[in-house]
Amino acid sequence: MAESGPRGILSTIGNTPLVQLDRLLPGFRGRVHAKLERFNPGGSIKDRSAYSMVRAKLASGELQPGRSVVVESSSGNLAIGLAQVCRYYGLRFICVVDAKTTEQNLAILRALQAEVEVVTEADPATGEYLPMRLRRVRELVAALPDAFSPDQYANPLNPSAHYETMREIAEALDGRVDYVFCPTSTTGTLLGCRAYIADQGLDTRLVAVDAVGSVLYGRGDGRRRLIPGHGASVRPPLLDPTAPDHVVHVSDLDCVVGCRRLGQREAILGGGSSGATVAALDKLAPTLPDGAVCVLVFPDGGDRYLDTIYSDSWVHEHFGEVTHLWKESREGVPQPC
Ligand SMILES: Cc1ncc(COP(=O)(O)O)c(C=O)c1O
């Protein structure tokens with residue numbers, strides 16, 4: 001299929017807002033901005049990757065609407081991004097998920113007419129669902145004619161989508177960006193930003209925001225994490241350990257506190273990995289030079305986390321009584337001028 005520019009709903013992917021956060025970190029002697037990726041039509045940064053990976057195959061003619069089938073193991077934002085792109089182009093999409101996928105995400109996938117296959121048995125060796133999901137994807141790709149798996153963990157078109165993310169950030173700030181904080185999992189966002197910074201010769205430093213226990217940077221044990229998004233239990237083929245200038249590890253509780261403070265101080269409901277970037281900035285802030293211009297990438301919004309991060313009973317069940325970590329009086333919050 002000959003490809004022109006993006007059309008219809010897909011033309012609204014990217015060019016997301018960049019907003020200044022004046023209240024987030026009282027006393028910080030720099031400037032903080034947030035790149036709000038929830039404004040993509042599927043609700044997350046993964047719309048960029050999904051569109052990039054499918055568009056190239058459509059343009060080359062390897063994917064044919066009405067004939068080809070896209071198969072991917074994902075239960076979250078990429079799945080929704082792919083469901084949207086595939087629906088738009090009339091491509092069949094089989095999404096392999098597991099028993100942990102939220103009802104809300106399943107409902108969105110089905111509403112976009114994705115076929116959902118649920119893997120119910122975990123890998124006997126590791127207790128994880130991921131190896132079984134990946135095995136099922138391989139089986140489906142082998143069994144179905146004209147099947148294609150985008151494989152976001154290895155596909156260079158995932159990072160290349162985020163070249164644009166960084167271009168948008170740099171252009172909005174006239175190239176004056178000292179630090180960009182990227183939550184990392186496939187590491188696609190970080191690598192795309194790195195490529196743009198290198199090509200343009202910018203001084204911008206990249207901060208990888210990873211989860212405690214993740215195997216991406218450092219010696220994590222791949223332990224189970226409560227909050228999806230950032231961190232990984234398997235090292236992705238895309239991983240380049242030299243790509244970030246700094247790495248900050250954040251815990252599940254750090255994310256909850258980051259999200260709740262973000263809501264309280266800036267009236268932004270961020271997803272878990274957005275809270276992670278807030279926590280990472282908090283940790284790094286004392287070491288940053290005066291006047292540093294920082295950009296936090298917020299990959300999605302809080303509406304997909306209402307039953308977890310924003311549920312007081314869920315937080316209490318997992319962390320005990322911790323509300324004092326973010327509750328503050330109205331007067332305690334710095335007001336904008
Ligand atoms: C909410 C959220 N945050 C962070 C990430 C990590 O981004 P990347 O895969 O580009 O490293 C993802 C990836 O799916 C995500 O869904």
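Please refer to the structure higher up on the page.
This one's a predicted model, so the numbers in the text were calculated from it and none came from an experiment. Throughout this document, residue positions are counted from 1 along each chain, in the order its sequence is written. Note on the predicted model: pLDDT of at least 70 is required for a residue's local features to be given, and 80 or more for side-chain atom pairs to be given and counted; whole-chain, interface and lining totals, by contrast, use all residues. Each side-chain value is derived from all of the structure's non-hydrogen atoms; neither hydrogens nor water enter the calculation.

Novice: What is the right way to read the nonpolar core from this model?
Specialist: Grouped burial of nonpolar side chains is what soluble globular proteins tend to show. One finds Phe 181, Leu 281 and Phe 298 to be the most contacted residues of the largest nonpolar core, which totals 39 residues. Starting at the N terminus, helices and strands are each numbered in turn, a helix being any DSSP run of H or I of at least four residues and a strand any DSSP run of E of at least two. When contributions to this core are tallied by element, the ones reaching two or more residues are strand S2 (31-36), strand S7 (179-183), strand S8 (205-211), strand S9 (246-250), helix H7 (252-266), helix H8 (272-284), strand S10 (293-298) and helix H9 (312-319). Of the residues forming this core, the biggest block, 6 residues, is contributed by H8. Not counting residues up to four positions away in its chain, the partners in contact with Phe 181 are Val 207, Val 209, Thr 277, Ala 280, Leu 281, Leu 284, Cys 294, Val 295, Leu 296 and Val 297. Only buried residues count toward a nonpolar core, which is a set of Ala, Val, Leu, Ile, Met, Phe, Trp, Tyr and Cys residues joined through side-chain atoms within 4.5 Å. Think of it in three bands: with a 1.4 Å probe and only protein chains considered, a residue is buried below 20% of the maximum accessible area for its type, exposed above 50%, and partly exposed in between. Counting residues in hydrophobic clusters, the runner-up holds 26 residues, among them Leu 78, Ala 83, Leu 91 and Leu 106. Whether two residues are in contact is decided by their heavy atoms: any pair within 4.5 Å suffices.

Novice: I would appreciate a short explanation of the pattern of salt bridges in the present structure.
Specialist: Side chains carrying opposite charge are able to pair once their charged atoms draw close together. Throughout this description, the term salt bridge denotes a Lys or Arg side-chain nitrogen within 4 Å of a carboxyl oxygen of Asp or Glu. In this structure the tally under the stated criterion is 19 salt bridges. Where Asp 303 meets Arg 38, a salt bridge forms, and the shortest distance between an N and an O atom there is 3.4 Å. With Asp 303 in the loop between S10 and H9 and Arg 38 in the loop between S2 and helix H1 (46-59), this residue pair connects regions lying 265 residues apart in the sequence. Judged by relative accessible area, which is 39%, Asp 303 ranks as partly exposed. Across the salt bridge formed by Arg 260 and Asp 312, the nearest N and O atoms sit 3.0 Å from each other. Of this pair, Arg 260 sits in helix H7 while Asp 312 sits in helix H9, and the two are 52 residues apart along the sequence. The network of salt bridges with shared partners includes Lys 35, Glu 37, Arg 48 and Glu 168.

Novice: How do you make sense of H1 when you look at a structure like this?
Specialist: In an α-helix, one turn spans 3.6 residues; hence positions three or four apart end up facing the same way. Given a helix with a known number of residues, its expected span is that number minus one, times 1.5 Å. With 14 residues, H1 should cover 20 Å at 1.5 Å per step; its first-to-last C-alpha distance of 20 Å lies within 8% of that length. With 10 of 14 residues buried, H1 lies mostly within the body of the structure. Among the residues making up H1, those that are buried are Lys 46, Asp 47, Arg 48, Ser 49, Ala 50, Tyr 51, Ser 52, Met 53, Val 54 and Leu 58. Summarising the contacts, the buried residues of H1 are in contact with S2, helix H2 (77-89), strand S6 (147-148) and helix H5 (157-172). Just beyond H1, the residue with positive phi is Gly 61, at close to 85°.

Novice: Can you help me understand H7 in this one?
Specialist: In a regular helix each residue adds 1.5 Å, so 15 residues correspond to 21 Å; H7 covers 21 Å between its end C-alpha atoms and thus fits that length. Among the residues of H7, Asp 252, Cys 255, Val 256, Val 257, Gly 258, Cys 259, Arg 260, Leu 262, Arg 265 and Glu 266 are the ones counted as buried. The inward-facing, buried residues of H7 contact S9, H8, S10 and H9. Of the residues trailing H7, Ala 267 is marked for its positive phi of about 60°.

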